[in-house]
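As a plain string of letters, each chain reads:
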Amino acid sequence: MTTHVRPEAVKDQNEPFRIDLAAAYRLIHRLGLDDSIYTHISVRLPGRHDRFLINPYGMRFEEVTASNLVTVDLDGNIIDDPLGLGINPAGFTIHSAVHAARPDVVCVLHTHTVAGVAVSCQKQGLLPLNQWSMQFTGCLAYHDYEGIALDLDERERLVADLGDKYTMILRNHGMLTCGRSVSEAFKLMHNLERSCRAQLAIQAAGAEVAPLSDAVARKTAGQYETAYTAIETNGVPDAEWAAFKRMLARTDPDFAN
């Protein structure tokens, strides 16, 4: 990887993408879904299929701002690195794979949470037990664990398993969501995480579960997709994302710096 360090803050046409990405990092931290300095969220730059933004390696999520994000291309060359910290090679492997294969995807979000990892270790994976988890009926991919994601040849298998879906469970590893915007990837992860937590709580309780039909599960998934599409392609305002960003403006105003 080559590195170009530019210390001054970036103010350009990509600023809205930078601000939304920094917001997602802060929100993932605030919700307790981060894992020290590991896991990542990335955004493909508009008009550049071959470049994306990702966090500087070594910074915790609550330290990420719009101006300290790193720009990297699909070959791993660092185009812009305001802090000179570089990026995590394992993060590059996963995120470059998706950005290269899926031009419809703007944002990729990967987590290692206790609940997500626990469900990723279960043979049946995520179960359609409630409204949150039914959202993912027919929409969830799985990728088998191959070790820490340092081998670039895993990228081909990862994107083959992902296909055209926007959510994936990385078995024995964690979770991944994609979005046509940062907000979509974040909201999918928020609900996927809550689905995993609810599943573990239900299993721990040991009580008999109320049955749900496959038809109802698929109907629910379709209702969620209709709502997402209305926002992503039909211009309907994203009230939930706006509310999350208002919260950050009060509590973490430096995220947009």
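Look up: the structure comes first, before these words.
Please read these numbers as outputs of a predicted model, since none were measured by experiment.

Chemist: Describe the overall build of the protein chain, listing the residues and the values that go with them.
Modeler: Broken down by element type, the protein chain carries eight helices and eight strands. Here the C-alpha radius of gyration of the protein chain, 18 Å, is about what a compact globule of 257 residues would show, namely 18 Å. Expressed as lengths along the three principal axes of its C-alpha atoms, the size of the protein chain is roughly 60 × 40 × 30 Å. Each of the 257 residues in the protein chain was classed as buried or not, and the buried ones make up 50%. Long-range pairs, those at least 24 residues apart, make up 69% of the contacts in the protein chain with a sequence separation of at least 6.

Chemist: Could you give an account of the sheet that holds strand β6 (residues 140-143), naming the residues involved and the relevant values?
Modeler: Two strands in a sheet stick together by hydrogen bonds in their backbones, pointing the same way (parallel) or opposite ways (antiparallel). Within the open sheet, the eight strands sit side by side as β4-β3-β2-β1-β5-β8-β7-β6. Their pairing is mixed. On the outer flanks of this sheet lie β4 (78-80) and β6, each paired with one strand and no other. This sheet shows a mean twist of 25° between the axes of neighbouring strands, independent of strand direction. Pairing between strand β1 (residues 41-44) and strand β5 (residues 107-111): three bridges, direction antiparallel.

Chemist: Go over the nonpolar core, please, and point to the residues and values.
Modeler: By size, the foremost hydrophobic cluster in this structure holds 49 residues, and its most contacted members are Tyr25, Ile41 and Leu126. Once residues within four sequence positions are removed from consideration, Tyr25 is found in contact with His40, Ile41, Ile54, Asn55, Phe61, Val64 and Leu69. In terms of nonpolar packing, the next biggest core, distinct from the first, is built from twelve residues, Leu158, Leu162, Leu170 and Cys178 among them.

Chemist: Describe the pairing of β6, with residues and values.
Modeler: Pairing of β6 with strand β7 (residues 167-170), which is carried by four bridges, proceeds in the parallel orientation. By the bridge assignment, Leu140 is partnered in β7 with Thr167. Between the parallel elements β6 and β7, the chain passes through helix α5 (residues 154-162) in a crossover that is right-handed.

Chemist: Give me the lowdown on the packing of aromatic side chains, citing residues and values where you can.
Modeler: Geometrically, a pair of aromatic rings is defined through the distance of the ring centres and the angle of the planes. Taken as a whole and assessed by the stated rule, the structure comprises five aromatic pairs. A ring pair is formed by Tyr25 and Phe61, whose centres lie 4.7 Å apart and whose planes are at 85°; its orientation type is edge-to-face. With Tyr25 in helix α1 (residues 15-30) and Phe61 in the loop between β2 (51-54) and β3 (70-73), the pair connects residues that are 36 residues apart, well separated along the chain. As far as burial versus exposure is concerned, Tyr25 and Phe61 are alike and both buried. Seen from their ring centres, Phe186 and Trp241 are 5.6 Å apart, and the 55° between their planes marks the pair as tilted. A residue pair is termed long-range when its members are at least 10 positions apart, and Phe186 in helix α6 (residues 182-205) and Trp241 in helix α8 (residues 239-251) qualify at 55 residues. As far as burial versus exposure is concerned, Phe186 and Trp241 are alike and both buried. What links up through ring pairs into an aromatic cluster is the set Phe186, Trp241 and Phe244.

Scoring rules and cut-offs
Residues numbered from 1 in each chain as written. Predicted model: local features only at pLDDT ≥ 70, side-chain atom pairs only at ≥ 80, totals over all residues. Heavy atoms only, no water. Helix = DSSP H or I, 4+ residues; strand = E, 2+ residues; numbered from the N terminus. Rg over C-alpha atoms; globule rule 2.2 N^0.38 Å. Buried < 20%, exposed > 50% of the residue type's maximum accessible area, 1.4 Å probe, protein only. Contact = heavy atoms within 4.5 Å. Pairing = 2+ DSSP bridges. Axes fitted to C-alpha atoms, helices over the stretch in contact; angles between N-to-C directions. Core = buried A, V, L, I, M, F, W, Y, C linked by side-chain atoms within 4.5 Å. Right-handed = clockwise from strand over helix to strand, strands pointing away. Phe/Tyr/Trp six-rings, centres within 6.5 Å; stacked < 30°, edge-to-face > 60°.

Scope: geometric values only; no functional claims are made or implied.
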